[in-house]
Amino acid sequence: MRQLISRADQINEAELLTLKKRLKWASIVLLAFAIILVTRLWFLQILKGKEYFELSENNRIRLHWLNAPRGMIADRQGRPLIANRPYFNVTLAREDAPNPADLLNRLATILEVDVNELLGRIREGEDYPRYVPILLKQDLDWKKLVAIENHLYDLPGIRIDVLPSREYFYENLGSHLFGYLGQINEKELADNEGEYQRNDQLGKLGLERIYEEQLRGEPGRRYLEVDAQGFEQREVSVQQPLPGSDLKLTIDRDLQDVAEDALGSVAGAAVVMEVATGRILAIASSPPLELNKFVGGISRKNWDAMQADELKPLTNKATQGQYPPGSTYKMVVALAGLSEGVINADTTFFCNGAMKFKDRDYHCWKKHGHGTVSLERALAESCDVFFYSVGMRVGVDKLAQYAKSLGLGQPTGINLEHEKGGVVPSSDWKKRRFNQPWHEGETMSISIGQGYDLATPLQICQMTSTLVNGGIRYRPQIIEAIMDADGKVAKGFEPIVDGQALGKAHSLNLIRAGMVAAVNTPHGTAGIARSSTILVGAKTGTAQVVKVEQYKHLKEKDIPYKYRDHAWFTCFAPAEKPEIAITVLVEHGLHGATGAGPVARRLLKEYFKGIRLTKQKEGEVEDEGVEDNVAL
Amino acid sequence: MLRFDRRLFLHFDWALLVTLLAVVGISLMNLYSASHVGYLGTPPYVKQIYYYLAGGMLMLAIISFDYRRLLKLNYLIYGGVVVLLIAAMLFGKTTMGAQRWINLGFIKLQPSELAKLSMVITLASYYCRKDTGKGFRLLELIPPAALLLVPFALIVEQPDLGTALMLVFVFVSMTLFVKLRIGTVIILLMLIVPLVPLAWKHGLKPYQRQRVTTLFAPENDPLGAGYHIMQSKIAVGSGQTFGKGYLAGTQVHLDFLPERHTDFAFSVLAEEWGFAGAVFFLCWYFFLVFLGLNVAGAARDKFGVLLAFGVTSLLFWQAFVNMAMVLGLLPVVGMPLPLFSYGGSSLLTNLAGIGILLSVRMRRFSRGGE
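Residues numbered from 1 in each chain as written. Chains lettered and ligands numbered in written order. Predicted model: local features only at pLDDT ≥ 70, side-chain atom pairs only at ≥ 80, totals over all residues.

Draft legend 1. Local environment of the overall build of chain A. A tally of regular secondary structure across chain A gives 22 helices and 23 strands. Per-residue burial for chain A yields a buried fraction of 44% across its 632 residues. The long-range share in chain A, meaning contacts at least 24 apart out of those at least 6 apart in sequence, stands at 74%. (Helix = DSSP H or I, 4+ residues; strand = E, 2+ residues; numbered from the N terminus. Buried ≥ 20, exposed ≤ 12 C-beta atoms within 10 Å, placed from the backbone. Contact = placed C-beta atoms within 7 Å.)

Below you can see the structure in the form of C-alpha cells.
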C-alpha cells in the first residue's frame, strides 16, 4: 500500500496540486447552491410569508388512511374461502367535535345503544392526540347507516369509515387454520411502530396472523379539505392503497368440508396429504373455533368456557394435539425389525394372547391369541405379541432412530402456529428427562405405541406418506401460491424434502403389503376402508389413555369419557401408486376402525369420486381393542 | 494500531468537531419539537440520542483507523455492501412498497445508506490508482461506471430513487473533479439528453412520475395535488421572519405536516424559527460542508484528497436535495437531511463520513499507514 501511494505521489506531485486547485471551484459551486436555498427561503418566508401564514391558519386539509383490501384466501382450485366485504364503522375526531357529550347522546339514540358504551370507547382513546379518530361502533347495518348519513350534519366530528373486512364464505370452515382478524392492541401498535394506525385490523391467529404481512397490502392516503366545523368539503387528492396478496392454499375445500363434517361434534382431527409432494389437502380439528366469538375481542366468560370445555376447542388437534400413536406405531417397529435384520418377510412368532416378561404378562388385544403370525398378518390383524417380540430384539434406541427418520419426535415444520413435536423416547431421553435408567419392560409398551410415545395426527400422516412413497419425507405445506395484487404468482409451491426413511425399499414394500392386508383380508382390522374399485392400505390404532383398574370390566359405554381410549386410523390409496395419505384421530373414540375409520372412509369417498366401498355389516368388523399393556 | 503521535492530536480538526456539535444540538432541539407528543413507546428524539451516541463511538473508531487502509480494503467493502443490498432484496422488510431494511434486532439496517459511503471509497480508490492528469476519455469511464451501476441497479430495484440518484451525483461530482476531457463531456451530453424522456416513461414508477409533475403543478392552486410539498411550503412560509416560536409551529403540532421528524425536519425548523433561524442553521451547515472541502485541500496524498472530496460531496448533495425538496424546488424523494433528520442508518453513515474527514485531516503530516 505504501508503495502504491508513494508512487502516485512521486510520479505526480503536480497532479495533487491541480486537484487541490480545483477545490476552489467546488467552493464556488457550494456558495452558489447556498445562495439558491437562501433566496428560496427569502421568497417563501419574507416575500410570501404573510400569504403562507394565513394559509396555515386556515389549513383544513386532513389526511385519512385508506386501508388496502386484504388479500383473499382461496382453496387449491381457486375457490374463494375468505374474501372481503365493506364494513361501515362510525368514528369520532374529537378535535372537530365542540360538544361531545351532547353529540354522543344523540348518536346513542340513533344507534340504539347505551351512551356509556360510547363513552367507554372514548375513554380508551383519551391519551391519543385529538385528531386521531376513535372507533365508536363497528359494522353498522344498513338501516343505522342510512340514519347516520341523514343526520351527519347534526353530528360534527362523526365520520363513517368504510373498512374492507372479512367475509367468510363457509362459517367456521378451517377455523383453526385460517384464524381471525381483530382490532390492533396497544402492544401490537408499539411493536410495529409507524406501520399501523389505531383502529386497524390485523391477523390474530392462524394464516391471517402468519401471513399478515402479505395479506395486508399497503394503506393508501386520502386528503380531505374540511371546514372550520370539521365537515368534509371535498377530496383534495388520493393515493390509492396497494391491495394485499392473495393466498392460494393446497387445501381442497370439499375435502376440508367433508373432514370437518365427518368429525362432527366429537373431539378429533383429520389430515389428508399428497404423499409425493407434502401438499396438505385437508387439515381439520374439531370441535371448530367459533370465530364470531373472537371478533372484536373475546370475553372473559367465553374464554373460560372454551378453556374448561373437555373437547378442547382451542387446540388445533392436528398439529398441537399429542397422543400415544398406539398400533400405528407398529409400522415403525416393523421397519426397524426388517432393516436391522431381526425379522424378514417369513419370520413368525407364536401369539397365545400374551407375552411374559420379567414375571409380568403383556397381553395381546386378542385374548385367545393369533396363533402363528408372520409380519403381514401381524400388521393386518395388529398382533401385539409379534411386535413385542420384534421391539425387544431391536431395542429402544434403534427404534428411536427409525421413528425419527419417519418424522416422529420433531415438529414437521408445517407453517402453522405452535406445532408440537411429540415424543420418541430413548434411553438418553429418559436419562435427560427423568434422570432414570431405561427399563426393558418399557420397550414392550413402546413397541405398540404406548408408554412415552406421543405423536400428532399430522406426524402420523407424514409418516404414512413417507412409508408409502418410497421413503422420502416431504414437509407438509399448506400454501400453493402467494399471488400479488396483479394476480402474478409471487411465490409458488415447491416440495421440500426433509429427510429419508432409514431402511431399504424392500422393507417399505413389505410394510405396505401388511397395511393392504389389514384392509383386504378377512380378519384385517381395517376392513372398513375396503373398496372393490381401489386398493386401499391402512392401519388402525387404539391408544390407551390411562390405566385405570376400576374401569376395566365396565362396558365401554359406562367408562367415563375422559378415560376412554383414543381411536386412530391412517390409510393410503391407491396401493399400487399411492396418491394420498389420510390420518384420523378421534379423542376417546374407543376403537380405531369404528371410532376413526368412518371419517377416513368418507374422505376416501370424497377424494376418489366414484369409488365403491364395501358395505360393513354391524358387528362383523374385526376391531382391535387395548389390553392393559402399558407399563406404567 | 494507533500509535500515539502528538501530531495526530495537533492536527485534529477542532473547527469541524465544533461545527458538527452545533448542527447536532440544533437537530435534537428541533426533533424534540417534532416528536415529543403522540408517540407510543420511546419517542424518536430519545432514540436519536442513542443513535448519536452510537455514531460518536463509530466516529472514534474510524478516527483511530488510518484512512489509507481503505485503499486496500475498498473492494472488500464494496463487495460486502453489494451482498447486503442483495440480502435486503431477498429477505428485507417492505415498507411503503420498497424493500429497504434488514432487521438486525437493535437497528433496522438500510444497506442503501452504506452504499453511499462505499461508493465514495470505491471511486476514490479507483481514481487514486489511475493517472488522471490528462483527463479521462470516454472508454476509460467504463470501469468506474460499471462500479456505479451494480449498487445503483440494486437500489433502483428496491425502489429507492433518492439514494440511487445520490450515487449518481457522487459519481458525477468525483469524476468531474478528477477531470474529464472536454470531448468526453460533449459526447456524454449527446448520449444522455435523448435518454431523459425514455427514462421518464419507462424508468420511473407511476408514483414517482406523479411526484415530479406535482412539483410543476400551478402554485396558485393550494388545494391541488401534492400534499407533502404544499404543507411543507406552508410550514416554511408561515414561519415568516422570526418564526412562530419554539414548540409553537401549528403545521407541526396539528399534524398537517407528514414525516415531520424524518425527511421534513427542516421545515419544522423553518416554521418555528423563521427566516432568521433557517439562515442561521444554513450558515452552520454550509460551513460544515466547507470545512469538508478544506480537509480535502489539506490532505497529504491523492487518496486523501479524493476521499475527503467524495465524502463532502455526498454530504452536500444529500443536504441540498433534501432542502430543495422541503422548499418545493425538487420533487419529493426519500432523502433525509444528513445529521439532522431522524433515522439511525442515515445518521451512522454520515457520522462515519465525518469520521473519515477527521481521520484524513489528522494524518496530513504522517506518511504511510502502518
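From this point, the discussion proceeds with the structure in view.
Draft legend 2. Quick peek at the overall build of chain B. The helix and strand inventory of chain B stands at 15 helices and 3 strands. Counting across all 370 residues of chain B, residues that qualify as buried make up 49%. Of all intrachain contacts in chain B linking residues separated by at least 6 positions in sequence, the fraction that spans at least 24 positions is 73%.

Draft legend 3. Broad picture of the sheet that holds strand β12 (residues 280-286) of chain A. All names here are of chain A. What the 5 strands build is an open sheet, ordered β12-β11-β23-β22-β21; its pairing is antiparallel. This sheet does not close on itself; its edge strands, each paired only once, are β12 and β21 (537-543). Taking the axes of each pair of neighbouring strands and ignoring which way they run, one obtains an average angle of 5° across the sheet. (Pairing = 2+ DSSP bridges. Axes fitted to C-alpha atoms, helices over the stretch in contact; angles between N-to-C directions.)

Draft legend 4. Representation of the pairing of strand β19 (residues 489-492) of chain A in the model. Bridge count for strand β18 (residues 479-483) of chain A against β19 of chain A is 3 bridges, and the pairing is antiparallel. Note on β19 of chain A: the bridge partner recorded for Ile482 of chain A is Lys491 of chain A.

Draft legend 5. Focus on helix α14 (residues 330-339) of chain A. All names here are of chain A. Within α14, 10 of the 10 residues are buried, which leaves it mostly tucked inside the rest of the structure. All of the buried residues along α14 are Lys330, Met331, Val332, Val333, Ala334, Leu335, Ala336, Gly337, Leu338 and Ser339. Looking one or two places after α14, you find Gly341, whose phi comes out positive at around 80°.

Draft legend 6. Focus on the confidence of the model for chain A. All names here are of chain A. For chain A, the average pLDDT comes to 82, and 88% of its residues sit at 70 or higher. A low-confidence stretch, residues 617-623 stays under pLDDT 50, and its non-local contacts, those more than four residues away or across chains, total 13 contacts. Scored below 50 in pLDDT, residues 625-632 shows 30 contacts in the model against residues more than four places distant or in partner chains. (pLDDT = per-residue confidence, 0-100.)

Draft legend 7. Layout of the packing of helix α16 (residues 384-394) of chain A against helix α19 (residues 440-447) of chain A. Residue and element names in this part refer to chain A. With their axes 8 Å apart at the nearest point, α16 and α19 run at an angle of 130° to one another. On the basis of the axis angle, α16 is oblique to α19. Here α16 runs over α19; the crossing is right-handed. Note on element contacts: α19 touches α16 through Thr443, Met444, Ile446 and Ser447, opposite Phe387, Tyr388, Val390, Gly391 and Met392. When grouped by side-chain class, the residues that make up the contact of α16 with α19 number 6 nonpolar, 3 polar and no charged. (Parallel < 35°, antiparallel > 145°, perpendicular 65-115°, else oblique. Left-handed = near helix turned anticlockwise from the far one by under 90°. Nonpolar A, V, L, I, M, F, W, Y, C, P; charged D, E, K, R; others polar.)

Draft legend 8. How the structure looks around unusual backbone geometry. In this chain, Ser286 of chain A is followed by Pro287 of chain A through a cis amide linkage whose omega measures -5°. As for its position among the elements, Pro287 of chain A is in the loop between β12 and α12 (300-308). Residues Ala573 of chain A and Pro574 of chain A are joined by a peptide bond in cis, for which omega reads -15°. Topologically, Pro574 of chain A is positioned in the loop between β22 (566-573) and β23 (580-586). Phi is positive for Gln240 of chain B, close to 50°, though the residue is something other than glycine. When you line up the elements, Gln240 of chain B lands in the loop between α11 (227-238) and α12 (250-253).

Draft legend 9. Main features of helix α4 (residues 100-111) of chain A. Under the 1.5 Å per step criterion, the end-to-end length of α4 of chain A is 16 Å for 12 residues, consistent within 8% with the ideal 16 Å. Phi for Glu112 of chain A, located one or two positions after α4 of chain A, is positive at around 60°. (Expected span 1.5 Å × (residues − 1).)

Draft legend 10. Structural context of the nonpolar core. Residues and elements named next belong to chain A. Val271 and Leu603 are the most contacted members of the largest nonpolar core, which has 115 residues in total. For this core, the element with the most residues is helix α21 (residues 505-520), which contributes 8 residues. Look past the residues within four positions of Val271 in its chain and what remains in contact with it is Ile280, Ala282, Ile283, Ala318, Pro457, Leu458, Cys461 and Thr583. (Core = buried A, V, L, I, M, F, W, Y, C linked by C-beta atoms within 7 Å.)

Draft legend 11. Geometry of the environment of Thr525 of chain A. All names here are of chain A. In this structure, Thr525 sits in the loop between α21 and β21. Residue Thr525 is classed as buried on the basis of its 29 C-beta neighbours within 10 Å. C-alpha separation for the pair Thr525 and Leu379, spaced 146 residues apart in sequence, amounts to 8.9 Å.

Draft legend 12. Here's a closer look at the confidence of the model for chain B. Residues and elements named next belong to chain B. On average, residues of chain B score 83 in pLDDT, and 83% of them are at 70 or above. Every residue in residues 218-225 is under pLDDT 50, and counting partners more than four places away or in other chains gives 9 contacts. Both scores are available for the predicted complex, with the pTM at 0.60 and the ipTM at 0.89.

Draft legend 13. Structural view of the packing of helix α14 (residues 302-326) of chain B against helix α15 (residues 344-362) of chain B. Residues and elements named next belong to chain B. Axis separation between α14 and α15 bottoms out at 10 Å; the angle between their running directions is 150°. Relative to α15, the element α14 is oriented roughly antiparallel. The element α14 and its partner α15 pack so that their crossing is left-handed. Residues Gly304, Leu307, Ala308, Val311, Leu314 and Leu315 of α14 form the contact with α15, whose own contacting residues are Asn350, Gly353, Ile356, Leu357 and Val360.

Draft legend 14. Spatial organisation of the pairing of strand β11 (residues 268-274) of chain A. Residue and element names in this part refer to chain A. For β11, the buried fraction is high: 7 of the 7 residues fall into the buried class. Of the two faces of β11, the one holding Gly268, Ala270, Val272 and Glu274 and the one holding Ala269, Val271 and Met273 are both buried throughout. Two elements, β11 and β12, share 6 bridges in a ladder whose sense is antiparallel. For Val272, the partnering residue across the bridge sits in β12 and is Ala282. The hairpin turn running from β11 into β12, its antiparallel successor, is 5 residues long, and Gly278 in that turn takes a positive phi close to 90°.

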